[in-house]
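Next come the chains, spelled out residue by residue.
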Amino acid sequence: PDSDVVNFMLIGRDTGTMGDEVRTEDRGRSDSMMVVSLNRKTKQISIVSLMRDCYVKIPGYKNNKLNAAFNFGGYELMDQTVEENFGIHIDHNVGINFDGFQMVVDKLDGIDITLTQDEADYMELWGFAMEEGVNHMNGEEALAYARSRYVGTGKEANDFGRTYRQRVVVTFKKLMSRPITQIMDILNSVMECVETDITSNADIMAYAYEVYNYGIDDLQAYRLPQDGEYQDETINKMAVLTVDWDKAQQHLK
C-alpha cells in the first residue's frame, strides 16, 4: 500500500442482457479486468488491462487462468490473486455488468468509436450497421464492440484486441468533457448498476473529483503481459499465457 497511489480493480462481469442474450449467473466471469491507478504525486491516471488467460497462482486453489479467481471467490480472491502474482495492492473494487455498462453509455447519449473496416464488418455480424471510421454508438453497440474478440484492431489480434477496445471505451472521454455537476448526476444515476466496496457516497464523489481534476487527455493505457514477455502454452487442456512475472511486476510498478 502507498498513500500516494490508489489502485482500483475494475471488473466487467459477463452477466446481464445484451439483445436476445441473457446471462443470469450469480457472479459470472470477469471478462474484463483492469487496474485503474491514481497517482497523487504525478496527478497521473493509468489503466492496465490484465489478460484473462494469464496462468496464475490462486490462493487456496490450483493454478488456473486469472479470470477463474473471480469465478471462484469474487472480488476478494481476485484482489489476493493480483497481489500474489502482479505484486501490487488493490485498494478498491468496482464491478459492472452488461446492463450497467449500456446504461452508462446511454446516459452519455452514446460515444464515438473509430473502427477499422474489419471491425465494422465484424459489428455487422452482431447485427449493427457500421462503417470504417468514426461511428456513434449507443450502449448496446458499444458493448458489442467491447466484447468483440475474434477480429484484430490493426495492431492487436483476438483477445488482445478485445482488451484494447475495452481500454478505448472505458476512458469515457465524452463523459470527462462535461461539467463536473453533470458527471456527478450521471454517476448517481448509474450507481444502482455498479458494485463497489466504496460504501460512502462522499468517498465516491471525492474520487470522481480527483479523476476530473487530473484529466484524462494524457491518460496512460497499457496491457499485461507485454509483447515478448509471455508464452502461449496448453496446461491441463487450457490455452494459457505463461508470464515472465519479474518483468510484468516491473512494468506494473
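See above for the structure.
All figures in this text were calculated on a predicted structure; none of them were measured in a lab. (Residues numbered from 1 in each chain as written. Predicted model: local features only at pLDDT ≥ 70, side-chain atom pairs only at ≥ 80, totals over all residues. Heavy atoms only, no water.)

Asker: In this structure, what is going on with the packing of aromatic side chains? I would like to understand it.
Answerer: Counting across every chain of the model gives four aromatic pairs. Each ring, one from F86 and one from W245, has its centre 4.9 Å from the other, and the planes form 85 degrees; the classification is edge-to-face. Within this pair, whereas F86 is found in helix α1 (residues 66–86), its partner W245 is found in helix α9 (residues 245–252), the two being separated by 159 residues in sequence. As far as the burial class goes, F86 and W245 line up, both buried. (Phe/Tyr/Trp six-rings, centres within 6.5 Å; stacked < 30°, edge-to-face > 60°. Helix = DSSP H or I, 4+ residues; strand = E, 2+ residues; numbered from the N terminus. Buried < 20%, exposed > 50% of the residue type's maximum accessible area, 1.4 Å probe, protein only.)

Asker: In this structure, what is going on with the packing of helix α7 (residues 180–190) against helix α8 (residues 201–214)? I would like to understand it.
Answerer: For any two helices packed against each other, the geometry is given by the interaxial angle and the distance between the axes. In contact at an axis separation of 11 Å, α7 and α8 are set at 135 degrees when each is read in the N-to-C sense. Classed by the angle they form, the pair α7 and α8 counts as oblique. Along this stretch, α7 crosses α8, giving a crossing that reads as right-handed. On the side of α7, the interface is formed by I180, I183, M184, L187 and N188, while α8 contributes M205, A208, Y209 and Y212. For the contact of α7 with α8, the class distribution of residues is eight nonpolar, one polar and no charged. (Axes fitted to C-alpha atoms, helices over the stretch in contact; angles between N-to-C directions. Parallel < 35°, antiparallel > 145°, perpendicular 65-115°, else oblique. Left-handed = near helix turned anticlockwise from the far one by under 90°. Contact = heavy atoms within 4.5 Å. Nonpolar A, V, L, I, M, F, W, Y, C, P; charged D, E, K, R; others polar.)

Asker: Can you walk me through the side chain of E119 in this structure?
Answerer: In this fold, E119 is placed in helix α3 (residues 117–125). E119 sits in the buried class, given a relative accessible area of 5%. Side-chain polar atoms of E119 contact the backbone nitrogen of T116, separated by 2.9 Å. (Polar contact = N/O pair within 3.5 Å; in protein donor to acceptor, adjacent residues only side chain to side chain.)

Asker: When you look at the nonpolar core in this model, what are you seeing that I'm missing?
Answerer: Side chains of nonpolar character tend, in soluble globular proteins, to be buried together. Counting 28 residues, the largest nonpolar core has M9, L50, C54, L66, M78, V82 and F86 as the members making the most contacts within it. The set of elements that each furnish at least two residues to this core consists of β1 (5–13), β4 (30–39), β5 (44–50), α1, β14 (238–243) and α9. In terms of residue count, α1 provides more of this core than any other element does, nine residues in total. Ignoring anything within four residues of it in the chain, the contact list for M9 reads M33, M34, V35, L50, M78, D79, V82, I90, H92, N93 and V94. Core analysis: the second largest hydrophobic core is formed by 19 residues, F101, I113, A120 and M137 among them. (Core = buried A, V, L, I, M, F, W, Y, C linked by side-chain atoms within 4.5 Å.)

Asker: Can you walk me through the sheet that holds strand β12 (residues 220–224) in this structure?
Answerer: For sheets, the rule is that strands pair by backbone hydrogen bonds, running either parallel or antiparallel. The strand order across the open sheet formed by six strands is β11-β8-β1-β4-β5-β12, and the pairing between neighbours is mixed. Two strands bound the open sheet, and with one partner strand each, they are β11 (194–196) and β12. Recorded for the sheet is a direction-independent mean angle of 20 degrees between the axes of neighbouring strands. (Pairing = 2+ DSSP bridges.)

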